[in-house]
Amino acid sequence: MKIFIDTADVKEIREAHEMGVIDGVTTNPSLMAKTGRKHREVIEEIVSIVDGPISVEAVSLEAKGMMKEAHEFSGWHKNIVVKLPMTSEGLKATKLCAQEGIPTNVTLVFSVNQALLAAKAGASYASPFVGRLDDISETGMNLISEIRQVYDNYGFKTQILTASIRHPIHVKEAALIGSDVATVPFNVIQQLTRHPLTDIGIQRFLEDWKKVPK
Ligand code: G3P
């Protein structure tokens, strides 16, 4: 499973990239707003750090405006993936982008049928939001299993990009189900590295090392 980092904070991206575990980056307007920096400037810094797909979200509500943004973003760097909303206008733009060879990430997917439509329109990635489904007392991970089954039934090439990940169990379950990608916030990536037995083991080895004659 590929791991993308779900942030626009370049410090976090650099740190995770140095660990060698990051295959790409996803951003959205909320993450961008947290940086307090100019959109293009941040994206240009991100592409200079990570050599992989970088999702940049369009904010237009109509396909025409989305295409204008898609052309602009994809001109910034070859690794840009245009993030489009899961609406009928978003699907129109997805289809046009596919025809032009612009990679897309259809975002805010909350049902199997939406994921099916995103794939049919030619999306490179579909992003189901598991945490936000959990928030409303639905089991978000069930959606990932169902989309996996539908995509496999028909051989769709669209990659499942599990998003709205909130904790390590989401990552583990996404990997077990066979999600193609999980986009993970930095704090969860840090949590993935930890295990109390690792810490205890290091401590014990360090103590024993002191007893070894040098
Ligand atoms: O990639 C989308 C993701 O960032 C949404 O996460 O936690 O705002 O639901 P969250």
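Above: the structure in question.
Residues numbered from 1 in each chain as written. Predicted model: local features only at pLDDT ≥ 70, side-chain atom pairs only at ≥ 80, totals over all residues. Heavy atoms only, no water.

Novice: I would appreciate a short explanation of the packing of aromatic side chains in the present structure.
Specialist: Enumeration according to the criterion identifies 5 aromatic pairs in this entry. Considering the side-chain rings of Phe73 and Trp76, the 5.1 Å spacing of their centres and the 55° angle between planes classify their relative orientation as tilted. Taken together, the residues span about one helical turn, with Phe73 and Trp76 both in helix H4 (residues 63-76) at a distance of 3 residues. Between Tyr154 and Phe156, the aromatic rings sit 6.3 Å apart at their centres with planes inclined by 55°, giving tilted as the arrangement. Owing to a relative accessible area of 60%, Tyr154 belongs among the exposed residues under this scheme. With a relative accessible area of 22%, Phe156 lands in the partly exposed category. Here a set of aromatic residues connected by ring pairs shows up, and it is made of Tyr151, Tyr154 and Phe156. (Phe/Tyr/Trp six-rings, centres within 6.5 Å; stacked < 30°, edge-to-face > 60°. Helix = DSSP H or I, 4+ residues; strand = E, 2+ residues; numbered from the N terminus. Buried < 20%, exposed > 50% of the residue type's maximum accessible area, 1.4 Å probe, protein only.)

Novice: Please explain the sheet that holds strand S2 (residues 24-26) as it appears in this structure.
Specialist: Note: strands within a sheet are paired through backbone hydrogen bonds, in either parallel or antiparallel orientation. Strand order in the closed barrel made by the 8 strands is S1-S2-S3-S4-S5-S6-S7-S8, with parallel pairing throughout. On average, each strand axis in the sheet is tilted by 30° relative to the strand beside it, whichever way the strands run. Pairing of strand S1 (residues 2-6) with strand S8 (residues 181-184), which is carried by 4 bridges, proceeds in the parallel orientation. Opposite Ile3, over in S8, you have Ala182 as the bridge partner. (Pairing = 2+ DSSP bridges. Axes fitted to C-alpha atoms, helices over the stretch in contact; angles between N-to-C directions.)

Novice: What exactly am I supposed to notice about the environment of Phe129 here?
Specialist: Its location among the elements puts Phe129 in the loop between strand S6 (125-128) and helix H7 (130-135). A sequence separation of 110 residues divides Phe129 from Met19, and the C-alpha atoms of the two residues are 26 Å apart. Not counting residues up to four positions away in its chain, the partners in contact with Phe129 are Thr107, Leu108, Val109, Phe110, Ala163 and Ser164. (Contact = heavy atoms within 4.5 Å.)

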